[in-house]
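This is what each chain is made of:
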Amino acid sequence: MPRSAHTRLIVLRHAKSAWPEGVPDHERPLAGRGRRDAPAAGRWLRDARCVPDLVICSTSRRTRETWELVAAELGASPTVDFEQRVHEATASALLDVVRAVPVRRRTVLLIGHQPGVQDLVLSLAGEGDDQALARVRGKFPTSGIAVLLFPGPWSRLGPGTAALTAFAVPRA
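Residues numbered from 1 in each chain as written. Predicted model: local features only at pLDDT ≥ 70, side-chain atom pairs only at ≥ 80, totals over all residues. Heavy atoms only, no water.

Novice: Residue-level account of the packing of aromatic side chains, with values.
Specialist: What the rule picks out here adds up to one aromatic pair. Residues Phe140 and Phe167 carry aromatic rings whose centres are separated by 5.1 Å and whose planes lie at 65° to one another, so their mutual orientation is edge-to-face. Residue Phe140 is located in the loop between helix H5 (130-138) and strand S6 (145-150), and its partner Phe167 is located in strand S7 (residues 162-168); the two are separated by 27 residues in the primary sequence. The exposure class assigned to Phe140 is buried, which follows from its relative accessible area of 1%. When the ring centre of Trp19 is taken as origin, the NZ or CZ atom of Arg28, which lies over that ring, is 3.4 Å away. (Phe/Tyr/Trp six-rings, centres within 6.5 Å; stacked < 30°, edge-to-face > 60°. Helix = DSSP H or I, 4+ residues; strand = E, 2+ residues; numbered from the N terminus. Buried < 20%, exposed > 50% of the residue type's maximum accessible area, 1.4 Å probe, protein only. Lys NZ or Arg CZ within 6 Å of the ring centre and 35° of its normal.)

Structure follows, in structure tokens:
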């Protein structure tokens, strides 16, 4: 399949969050560093021409805040789906969410949490950039971005079927 026919999954771990006392996990906000790093992630996506046409974002406060700051840097207005199933999801649950993406969507940005995002990327990456894969295996830090290409449709995405083409950790 020609490169242009590929679908692209971009996996973003939310930016650095705060741990305020008495605040439930789902409602934790971004920390100062997270508020600085999330726009850098948006600029990286824009400059790398990884602008999504669909965003699937966890419903947690820190992922929603990450998306707002990323979106301000993209220069585009993709469709956004705030998805409860992404919060605290395993790689398998995340894969189920992505497999349900309509075929017309070519570039999807998934904004989620550890360890699910790292496990998903490692499961899907059957080939690609060895250096990027080694970095993902070592650590998937906050604001980390993994880019995977897959010769779609989304419903056929599975372990070892995608190529990891980039891994970046943009910082302010």
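Next, the rest of the story.
Novice: Go over the nonpolar core, please, and point to the residues and values.
Specialist: Grouped together as the largest cluster of nonpolar side chains are 31 residues, with contacts concentrated most on Leu9, Val11, Leu120, Leu148, Leu157 and Leu164. Among the secondary structure elements, those contributing two or more residues to this core are strand S1 (7-13), strand S2 (54-58), helix H3 (91-99), strand S4 (107-112), helix H4 (116-124), H5, S6 and S7. With five residues, the top contributor of residues to this core is H3. Filtering out sequence-adjacent residues up to four positions away, Leu148 remains in contact with Thr7, Arg8, Leu9, Val11, Val121, Leu124, Ala125, Ala162, Ala163 and Leu164. In terms of nonpolar packing, the next biggest core, distinct from the first, is built from 17 residues, Ala41, Val70, Leu109 and Val147 among them. (Core = buried A, V, L, I, M, F, W, Y, C linked by side-chain atoms within 4.5 Å. Contact = heavy atoms within 4.5 Å.)

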